[in-house]
Amino acid sequence: RPKGSHAAMPFLQVDLGRGVREKVPVAPNTTLREVLSAACTKRGLDVATRGLRHGRTRKHLDLSITFRLSGLDNNALIEVVEDGHTAPRGSSQAPCRVAVQLESGDRRTGSLGDESSLLEVVRALCPEQLADGAMPAGHAPAI
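Residues numbered from 1 in each chain as written. Predicted model: local features only at pLDDT ≥ 70, side-chain atom pairs only at ≥ 80, totals over all residues. Heavy atoms only, no water.

> Explain the sheet that holds strand β4 (residues 77–82) to me, using residue names and the numbers behind them.
Spatially, the 4 strands line up as an open sheet ordered β2-β1-β4-β3, and their pairing is mixed. Since the sheet does not close on itself, it has two edges, and those belong to β2 (20–25) and β3 (50–54), each with one partner. Between one strand and the next, the sheet's axes are offset by a mean angle of 35 degrees, whatever the strand orientation. Bridge analysis of strand β1 (residues 11–17) against β4 gives 3 bridges, and the strand direction is parallel. Residue pairing across strands places Val14 opposite Ile78, the latter belonging to β4. (Pairing = 2+ DSSP bridges. Helix = DSSP H or I, 4+ residues; strand = E, 2+ residues; numbered from the N terminus. Axes fitted to C-alpha atoms, helices over the stretch in contact; angles between N-to-C directions.)

What follows is the structure, given as structure tokens:
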């Protein structure tokens, strides 16, 4: 490669177990779910029952975040694992981390299903903000 040309695309090494590894190219905006899907598809594995774990720290990785925000280095080793964090079969509600910033500056976080409506998020994380279970008149949530 000539000097000054574009650097090679970053990639992650995905350990699928039994000594099998896949190199998955990633762009900054590639989600870890896309990485998992690419690795599992190449080997014919069911993506729905698997998750990713950092190879060194053994910490489960959030599949909804992008490579840029994951904190993973180029060429990092991540492992595909049977994931107890996934939604049960037949359920489309995968867990998702949610944060709500209140007008007071307080921040509330929690884990809800990815199909949750905005009203369900508010009910779960800050029910005191609701008047009789609905948004108070004159208040509009911002996303």
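> Can you explain the nonpolar core? Please cite residues and give values.
With 18 residues, the main nonpolar core has Leu12, Val14, Leu32, Val35, Leu52, Leu72 and Ile78 as its most contacted residues. Of all the elements in the fold, those that place two or more residues in this core are β1, α1 (32–43) and β4. Looking at this core element by element, the count peaks at 5 residues for α1. In this view, Leu52 contacts Leu32, Leu36, Lys59, His60, Leu61, Leu63, Ile78, Glu79, Val80 and Val81; residues no more than four positions away in its chain are not counted. By size, the runner-up hydrophobic cluster in this structure holds 9 residues, among which are Val100, Leu112, Leu125 and Leu130. (Core = buried A, V, L, I, M, F, W, Y, C linked by side-chain atoms within 4.5 Å. Buried < 20%, exposed > 50% of the residue type's maximum accessible area, 1.4 Å probe, protein only. Contact = heavy atoms within 4.5 Å.)

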